[in-house]
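Each chain, written out:
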Amino acid sequence: MALAHILGYPRIGANRELKKAVEAYWKGEIDQTTLEESGKTLRAAHWQASRDAGLDLVTVGDFAFYDQVLNVSALLGAVPPRFGAIEGDVDLDTTFRMARGRAPTGEPAAACEMTKYFDTNYHYLVPELHAGQRFRVASTRLFDEVAEAQAEGHPVKVALLGPISWLWLAKEKSEGFDRLTLLDTLLPVYGEILERLAAQGVEWVQLDEPALVQDLPRDWRQAFEAAYNKLQSARVKLLVATYFGALGDNLGLAAGLPVAGLHIDTVRAPEQLDAVLDRLPTYKVLSIGAIDGRNIWRADLAALRERLQVARARLGERLWVSASCSLLHVPVDLEAETDLDAELKSWLAFARQKLDEIVTLAHLLDGRATDADTARLEAATQALEARRNSPRIHKPAVGERLSAVSATDAERPSPYGARAKVQHRHLDLPLFPTTTIGSFPQTQDIRAARRAFKSGELGRDAYEARMRQEIVHAVERQEVLDIDVPVHGEPERNDMVEYFGELLDGFAFTRFGWVQSYGSRCVKPPVIFGDVSRPGPMTVRWSEYAQSLTDKPMKGMLTGPVTILQWSFVRDDQPRDATCRQIALSLRDEVADLEAAGIKIIQIDEPALREGLPLRQGEWQRYLDWAVESFKLSAAVARDETQIHTHMCYSEFNDIIAAIAALDADVITIETSRSDMELLDAFQDFAYPNEIGPGVYDIHSPNIPEVEWMVQLMEKAAEKIPAERLWVNPDCGLKTRGWAEVEPALANMVEAAKELRRRH
Ligand code: GLN
Ligand code: ZN
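If you look the chain up in an unreviewed UniProt entry, it shows as 5-methyltetrahydropteroyltriglutamate--homocysteine methyltransferase from Chromohalobacter sarecensis. Annotation of the chain in UniProt includes, under Function (unreviewed entry), the sentence "Catalyzes the transfer of a methyl group from 5-methyltetrahydrofolate to homocysteine resulting in methionine formation." Database annotation for the chain, UniProt heading Pathway (unreviewed entry): "Amino-acid biosynthesis; L-methionine biosynthesis via de novo pathway; L-methionine from L-homocysteine (MetE route): step 1/1."

Here is the structure:
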């Protein structure tokens, strides 16, 4: 019989119980025992959900109060020295200090770095390793959780990040040191963990090795062999889990590792199934990740049954059925969505529903479908049929417009040099013009007004009047500060993607569709279910109103197509680039309307351009091509005299600088202040031709930046980029700050610009 299992379940709880408990603990509202209890309750519920659905194993080890990678670091005793010498076990507060710098007990210290887990929006805590690093089993948490699940009578499979991927995700903290050299010290500790699990009676341990879907240097590939040769002596069966893509050139390596099983992702990489079947030794289990763990669409069970027949025939009892990756990346339970219409709902499946899909698929493959399975199969087939033909999804006009797009639509009328001349005449800005990135503080007041509006307590007119008041305030402040290019401040936007999604056709919103982003922070991505189009202007009246309050050129603010795509659940019935181009065309209309309404400068934010990069470098160019084209489709409708800005905030530009230049934005504002302007080197080396606003102060910090310090930073910038092409602005939007910090910070920033003008 095909065995049904999952790599992991969302841990936040259907009502974000985890978030609430953890935050209450941080605030001192509940004690550690209560927090631990809530964790235990959640785990019990998740295991029970797996069993109720009919999975053959429950997965232990997917729970974490903050992050599962951090849990592994704690388990291995890999606590950076600045958190103090740890005798005995790494306690919960130490992990919280590592995650956020402070905890109810223990000395505060600088938090560990956090970064995205592969190409997901989930952020993990980066393990820090130094030369001479020692490891030891330094936490009993995993073993306790195993005992907990066993006490409930569940058949347990343990999930743990594998040794190579853990090292792969880590960062070296000593000069001239290669973290891979730690493998020999690390493996005995993994061995000891496996031994302990064996002693607890655990039969299967899933070791996640998603690094296998990336381009691996040779020594890392060899490390896989060496590591698993050593670990094979463990008295547990190992399932090496790969996900988020194809094994590609690591396929032979992965298939050949001396372990009892391999998990592959056949959602992202369906084409690899045959090759894996051919290469898999006959003693090995193959876990097929056929249900999408990264997206919220209902699975086509009939098609999957068809497609996996061969695998079933070839593998027999050695076939396991699962989701492509941990269900951590999808919301918990669709049943909670009482506001979604029944039709749309019938097209979706969240984690809870995906458990059922996995079980039914396993039963179908075995030819042992129950009545419930048959009903589920039929319901899925019907829903998918309806989805394929729904006029809510397919809007002929959108497709027609897209196919009529020509290469020239993505090009501005004139090249940058010619545009710049017209713009400078038209805008008449001083040297080192000052601006901000768009948002001003989202005060409690603004949020309260929006809540009241959404709940119906506050009428639309009153709400809009309230937002206009806020715009007046922001524009007045900027006038007093003497900022050259003011913004309206984005008070009307709850979120830079959601705001646009709500005004575009083809988007839907869930009420409880939360997904963990990092720690206690959850996001609720919009669902792009159909062809995207713009029923009407989205930002024009706000920008127009803001412009009416000042003689300076008001900058219009849009979120770019790639960022909207990247931060949503995207439809799976057409390529991502097609959806991106549809969004781009909607934004193009908005750019045209803003321009027609007298807006002379329009910023199209693309902070998510970089995170869309595929995991394999060989696929980068194709992605960058359509991403850049989408941005340009949005922007290029603008006349030469209209200045197009873009904004990005991440710390690495080197490898995508050509694509950034290809966007051909007249001005790009970027986060740079924390790098001491070193990030501009990439722009200098590339001879980046257009204007740049390198952020002069870090908006994440409440400190007020000093004039002289910002002048010095800009002087450094001017050594790399000609002064005529430099702008002065903060690193990012100011929505998370208070006015009390923003005003003096911007006053200093403007003062710095004026000083620079005197000097140049
Ligand atoms: N315009 C947005 C803001 O100022 C940009 C946010 C971002 O870069 N993430 O908030
Ligand atoms: Zn930013």
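Draft legend 1. Local environment of the side chain of Thr 120. For Thr 120, the position within the fold is in the loop between β3 (114-116) and β4 (123-125). Excluding residues within four positions of it along the chain, Thr 120 makes contact with Phe 244, Arg 294 and His 329.

Draft legend 2. Representation of the coordination of the zinc ion (ligand 2) within the structure. Taken together, the protein donors to the zinc ion (ligand 2) comprise His 647 (NE2), Cys 649 (SG) and Cys 732 (SG), at separations of 2.1 to 2.4 Å. Geometry at the zinc ion (ligand 2) is tetrahedral, judged from its four donor atoms and the angles of 93 to 124° they form at the metal. For the zinc ion (ligand 2), the donor residues sit on a single chain with the sequence spacing H-x1-C-x82-C. Highlighted residues: Cys 649 in the loop between β20 (643-648) and α24 (657-662) and Cys 732 in the loop between α26 (707-720) and α27 (739-759), separated in sequence by 83 residues.

Draft legend 3. Region of interest: helix α20 (residues 540-548). Listed as buried for α20 are Val 540, Trp 542, Ser 543, Ala 546 and Gln 547. The buried residues of α20 occupy one face: seen down the axis, they fall within an arc of 165°. Those residues of α20 that are buried lie in contact with α18 (460-481), α19 (498-503), β17 (555-559) and α22 (576-596).

Draft legend 4. Fine view of the UniProt feature "binding site: 5-methyltetrahydropteroyltri-L-glutamate" (unreviewed entry) in the chain. The UniProt record annotates "binding site: 5-methyltetrahydropteroyltri-L-glutamate" (unreviewed entry) at Arg 16, Glu 17, Leu 18, Lys 19, Lys 116, Arg 521, Cys 522, Trp 567 and Glu 611. Taken along the chain, the residues just named run across 596 residues; in space they spread out, the farthest C-alpha pair reaching 28.8 Å. Its place among the elements puts Arg 521 in strand β15 (residues 521-523). Secondary-structure assignment places Cys 522 in strand β15. If we skip the residues at most four places from it in the chain, Cys 522 touches Ile 12, Arg 16, Trp 514, Val 515, Gln 516 and Ser 517.

Draft legend 5. Quick look at the sheet that holds β20. The strand order across the open sheet built from five strands is β17-β19-β20-β21-β22, with neighbouring strands paired in parallel fashion. Both outer strands of the open sheet, β17 and β22 (691-694), are each paired with one neighbouring strand and no more. Neighbour-to-neighbour, the strand axes of this sheet turn through a mean angle of 20°, independent of strand direction. Bridge analysis of β20 against strand β21 (residues 667-670) gives four bridges, and the strand direction is parallel. Counted as the bridge partner of His 647 is Thr 669 from β21.

Draft legend 6. Layout of the pairing of strand β11 (residues 285-291). Burial runs high along β11: seven of the seven residues are buried. In terms of strand pairing, strand β10 (residues 261-265) meets β11 through five bridges, oriented parallel. From the neighbouring strand, His 263 faces β11, where its bridge partner is Ser 287. In the classification by handedness, the crossover that spans β10, the intervening helix α10 (residues 272-279) and the parallel β11 is right-handed. Taken together, β11, helix α11 (residues 301-315) and strand β12 (residues 319-323) constitute a β-α-β crossover, and its handedness is right-handed.

Draft legend 7. Spotlight on the UniProt feature "domain: Cobalamin-independent methionine synthase MetE N-terminal" (unreviewed entry) in the chain. Residues annotated by UniProt as "domain: Cobalamin-independent methionine synthase MetE N-terminal" (unreviewed entry) correspond here to residues 4-312. Summarising residues 4-312: 40% helix, 14% strand, and an end-to-end C-alpha distance of 13 Å.

Rules of the game
Residues numbered from 1 in each chain as written. Chains lettered and ligands numbered in written order. Predicted model: local features only at pLDDT ≥ 70, side-chain atom pairs only at ≥ 80, totals over all residues. Heavy atoms only, no water. UniProt positions renumbered as here; feature names shortened; annotations may be inferred. Helix = DSSP H or I, 4+ residues; strand = E, 2+ residues; numbered from the N terminus. Contact = heavy atoms within 4.5 Å. Donors = N, O, S within 2.8 Å, 3.2 Å for Na, K, Ca; no water. Tetrahedral: all angles 85-135°; square planar, octahedral: opposite > 155°, others 65-115°. Buried < 20%, exposed > 50% of the residue type's maximum accessible area, 1.4 Å probe, protein only. Arc of directions from axis to C-beta. Pairing = 2+ DSSP bridges. Axes fitted to C-alpha atoms, helices over the stretch in contact; angles between N-to-C directions. Right-handed = clockwise from strand over helix to strand, strands pointing away.

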